[in-house]
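# Survey of secondary and tertiary structure
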Amino acid sequence: MQSRVSEFLQYLVVERNASSHTITSYQHDISRFYSFLEDALGREPDIQDCDVHLIRDYLARLTKAGYARTTIARSIAAIRSFYRFLALRGYITKNPAKNVTTPKIARRLPRYVNINEISALLEAPDQSTLGLRDRAILETLYATGLRVSELVRLDIQDLDFRVGYVRAFGKGSKERIVPIGRKALSALERYLRESRPSLLEARWDAGSRTKGGKDVRHGLELDGALFLNKFGQRISTRGVERIVDKYVLLTSQRFSMSPHTLRHSFATHLLEAGADLRAVQELLGHANISTTQIYTHITTDRLREVYMRSHPRAHLNEPEKK
């Protein structure tokens, strides 16, 4: 079974083009299931050993152990995907996880912030080298609705200043073209002109200025990572999260934010302004429109809140004023 697990993970990388996060999660989930099978069978399991009853016993154990429904649902998805792979390869005749029910997960409404709070956040960075970079990062997140993982993967060549578009690679490395507004482009132009060259200097030490006898600085300037950390390397997702945390604290926002909050705010503000749901789906890179529809609940709730606060006859229990 262990060799088939390795083959499955390789299949995810090569044929499904799964993200590193998905592969790590599936590997962890299947490893935990493998340990359960060892305990249940009293020996090293074989791929033919598993049936629907064992899988249900495993899920019952996860539930009893207090695992969240989201974790259990992901475990089912990993196991189902693994046995589907085995069936496709002809190693087993049927998928024992096919008819296992996934627990229902209550969908939480995404948190978002209003336009005034967004403006305060975007204008908080100073004019220093890191401040100009931070402003460009925050403006780009809100202007495009990119996931933080998509943002940190951007290269300079992914920006088209003339047309005003950015090329992003989403889940499964799916490419999409996203428009980017003038404010964000202005912040990016200034960052590239005044800030990035200074950050790049950090990696131009005596040992890295040349490669094969040639000066490589020009290549780094034109084709390298768009956003750099203070050491001149591509910034990480955690680095971007720290930047958001810093300015949330600085502007005394009413609740904590993450880069994903800016993505949620991007989608919510577009819908509030009358954007088409399908267009927002494309901009966010959602495979299914049902994922985007959750934002309509936010806008509907907001409309009701405005109505209840503003309409003179919204509060039926209050006596009419004479």
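Details of the structure are given in the entry above.
Residues numbered from 1 in each chain as written. Predicted model: local features only at pLDDT ≥ 70, side-chain atom pairs only at ≥ 80, totals over all residues. Heavy atoms only, no water.

## What to know about the pairing of strand β2 (residues 165-169)
Each regular strand displays side chains that alternate between the two surfaces of the sheet. Of the two faces of β2, the one holding V166 and A168 is buried and the one holding Y165, R167 and F169 is not buried anywhere. Here two bridges tie strand β1 (residues 159-160) to β2, and the two strands are oriented antiparallel to one another. Paired with D160 across the two strands is Y165, which belongs to β2. A loop of four residues connects β1 with β2, the two strands running antiparallel in sequence, and G164 in this loop sits at a positive phi of about 85°. For β2 and strand β3 (residues 175-179), the ladder comprises five bridges, and the chain directions are antiparallel. Within β3, the position partnered with Y165 by the bridge is P179. (Buried < 20%, exposed > 50% of the residue type's maximum accessible area, 1.4 Å probe, protein only. Helix = DSSP H or I, 4+ residues; strand = E, 2+ residues; numbered from the N terminus. Pairing = 2+ DSSP bridges.)

## What about the pattern of salt bridges?
Applying the stated criterion across every chain, the model contains 16 salt bridges. The partner of R89 in a salt bridge is E7, with the nearest N and O atoms 3.9 Å apart. One end of the pair, R89, is in the loop between α4 (69-88) and α5 (115-122); the other, E7, is in helix α1 (residues 2-14), and 82 residues separate them in sequence. Overall, the relative accessible area of 36% leaves R89 in the partly exposed class. Owing to a relative accessible area of 25%, E7 belongs among the partly exposed residues under this scheme. Among the ionic pairs, R89 bridges to E15, the shortest N-O distance being 2.9 Å. (Salt bridge = Lys/Arg side-chain N within 4 Å of Asp/Glu carboxyl O.)

## Some points on the packing of aromatic side chains
A complete count under the given rule lists ten aromatic pairs for this structure. Summarising the aromatic geometry, the rings of F8 and Y26 are spaced 6.5 Å apart at their centres and angled 15° between planes, so their arrangement reads as stacked. Within this pair, whereas F8 is found in helix α1, its partner Y26 is found in helix α2 (residues 20-41), the two being separated by 18 residues in sequence. Judged by its relative accessible area of 16%, Y26 is buried. Ring geometry for Y11 versus F85: centroids 4.9 Å apart, planes at 35°, classification tilted. Highlighted residues: Y11 in helix α1 and F85 in helix α4, separated in sequence by 74 residues. For F85, a relative accessible area of 1% puts it in the buried group. One aromatic cluster is present, formed by F8, Y11, Y26, F82, Y83 and F85 through successive ring pairs. We note R4 situated over the ring of Y91; from NZ or CZ to the ring centre the distance is 3.9 Å. (Phe/Tyr/Trp six-rings, centres within 6.5 Å; stacked < 30°, edge-to-face > 60°. Lys NZ or Arg CZ within 6 Å of the ring centre and 35° of its normal.)

## Some remarks on the nonpolar core
I137, L226, F227 and V240 are the most contacted members of the largest nonpolar core, which has 48 residues in total. Each residue touching I137, except ones within four places of it in the same chain, is listed here: L151, F227, I235, V240 and I243. Counting residues in each nonpolar core, the second largest holds 31 residues, with M1, Y11, Y34 and I72 among its members. (Core = buried A, V, L, I, M, F, W, Y, C linked by side-chain atoms within 4.5 Å. Contact = heavy atoms within 4.5 Å.)

## Considering a nonpolar patch on the surface
A surface patch of nonpolar side chains, about 260 Å² in accessible area, is lined by V163, Y165 and I177. Classification of V163 by relative accessible area gives partly exposed; the value is 42%. (Patch = residues over 30% accessible without salt bridge, like charges linked within 9 Å, V, L, I, M, F, W, Y side chains within 5 Å. Areas by Shrake-Rupley, 256 points an atom, 1.4 Å probe, with all protein chains shown as cover.)

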